[in-house]
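Chain by chain, the residues run as shown.
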2 protein chains.
Amino acid sequence: MAHITAGVEYALHCLLWLVDSPGAPLSSRDLADFQGISPSFLAKVFPKLEKAGIVASSEGVRGGYRLAKRPEAISVLAVVDAIEGEKPLFDCQEIRGRCAAFGGRPPAWATKGVCAIHAVMLRAEKAMRDSLESQTLADIAGTLERKMPPEFSEEVRRWVEERTEARIRGKA
Amino acid sequence: MAHITAGVEYALHCLLWLVDSPGAPLSSRDLADFQGISPSFLAKVFPKLEKAGIVASSEGVRGGYRLAKRPEAISVLAVVDAIEGEKPLFDCQEIRGRCAAFGGRPPAWATKGVCAIHAVMLRAEKAMRDSLESQTLADIAGTLERKMPPEFSEEVRRWVEERTEARIRGKA
DNA sequence: CATAACGCGGACTATAATGATCCGCGTTAT
DNA sequence: ATAACGCGGATCATTATAGTCCGCGTTATG
């Protein structure tokens, strides 16, 4: 299992679609179907993004989500923390204090400050987080825009239209 | 659950004791008891360190493990990879190719190269790994040496002695 | 030379996290 | 009034981790 989980992956892919859709909000259901991922799982992801102030929701029919900030103001780190809840890279179990030579009562010098091994991991975690913080949603969107052919936006618009019509037909 | 697991934590703590014991090999059983961790679990960790060329084993009575390299030549990254097996930080599921607008057959431009989101994660992972690689066992041992009072080495020696004697007494 | 302390490795179990589903409630456009 | 939404709780299946157990081959030592 990876440290950065599928929830983050789904969230970022969805946020990229929201970047391209500054008008009407998109529903989590549509976003899931459009990308071939689980709608019910995605429905658990979005409230976390909303609590973190990354997206804003509108309830009721034709409700959904839109970005709550400019894409340049949304770092990948913010998304990771919103979904994972600041999960640490390493969980120090304070082995240093359990040394049998202490007989159950470790001296102050042994447990003072951060465990030396933990410190190593915290430095690595900071390097990772700094990297994630330096990259924003706008950066990723820019990369994609350079890959995507100009016709594609039109294709997407068509897909959304067809789906809306299909819903209306289903009603009738 | 943390990305860097207890196996790595146990391994590093043990390796630090091996740094201070360049003479006779230490058994995984003694290392576990000495640090209050599971002996059977530690017995699963050491073969991985051995396969990675970090420790060398000697079999039979009075056997055990010793460092296979100088502490300066053992990076924390090497230990992490030995135990975790190069586990990726992020597992890209190639969502980009599932877009419903592609109708099951994504065009070449969509799946060419590394996924933009994956690329972000790979950069963060590299930052983490670079940090882990820059820190060696000798660095950590140095930090500890500055904390430990000079008498402590003697206390440890006494503990090992007492345990050996206890084994002999148990035999009689 | 028999024994006990070792490492080695496979099979196995328990627990926790993840990914995912389902249901009922409140809100709101049509 | 209805259906499409978001929201949140309960639940479930799968997987990874942490840990155990057992049997085998090796080797120092009495």
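Computed from a predicted structure; not experimentally measured.

Observations concerning the relation of the copies chain B and chain A
Superposition of chain B onto chain A requires a rotation of 180 degrees combined with a translation of 0.0 Å along the rotation axis, giving an RMSD of 0.0 Å. What the rotation and shift describe, once combined, is the action of a two-fold rotation axis. Of the residues that chain B buries at the interface, 98% are likewise interface residues in chain A, meaning the two copies contact each other through the same surface.

With respect to the interface of chain B and chain A
Counting residues at the interface gives 59 residues for chain B, matched by 58 residues for chain A. There are 18 residue pairs in polar contact (both at pLDDT 80 or more) connecting chain B and chain A. At the level of secondary structure, the elements contributing two or more residues to the side of chain B that touches chain A comprise helix 1 (6–19), helix 2 (28–35), helix 5 (108–111), helix 6 (116–133), helix 7 (137–147) and helix 8 (152–171) of chain B. Top contributing element to the side of chain B that touches chain A by residue count: helix 6 of chain B, with 10 residues. By residue class, the composition of the side of chain B that touches chain A is 39 nonpolar, nine polar and 11 charged.

Let's talk about the packing of helix 1 of chain B against helix 7 of chain B
All names here are of chain B. Where helix 1 meets helix 7, the axes come as close as 10 Å, and the angle between the chain directions of the two elements is 75 degrees. The pairing of helix 1 with helix 7 is recorded here as roughly perpendicular in orientation. Listed contacts from helix 7 to Leu 12, Leu 15, Leu 16 and Val 19 of helix 1 are Leu 137, Ile 140, Ala 141 and Leu 144. Split into classes, the residues belonging to the contact of helix 1 with helix 7 amount to eight nonpolar, no polar and no charged.

Reading the values: the criteria
- Residues numbered from 1 in each chain as written.
- Chains lettered and ligands numbered in written order.
- Predicted model: local features only at pLDDT ≥ 70, side-chain atom pairs only at ≥ 80, totals over all residues.
- Heavy atoms only, no water.
- Least-squares fit on C-alpha atoms with pLDDT ≥ 70 in both.
- Contact = heavy atoms within 4.5 Å.
- Polar contact = N/O pair within 3.5 Å; in protein donor to acceptor, adjacent residues only side chain to side chain.
- Helix = DSSP H or I, 4+ residues; strand = E, 2+ residues; numbered from the N terminus.
- Nonpolar A, V, L, I, M, F, W, Y, C, P; charged D, E, K, R; others polar.
- Axes fitted to C-alpha atoms, helices over the stretch in contact; angles between N-to-C directions.
- Parallel < 35°, antiparallel > 145°, perpendicular 65-115°, else oblique.

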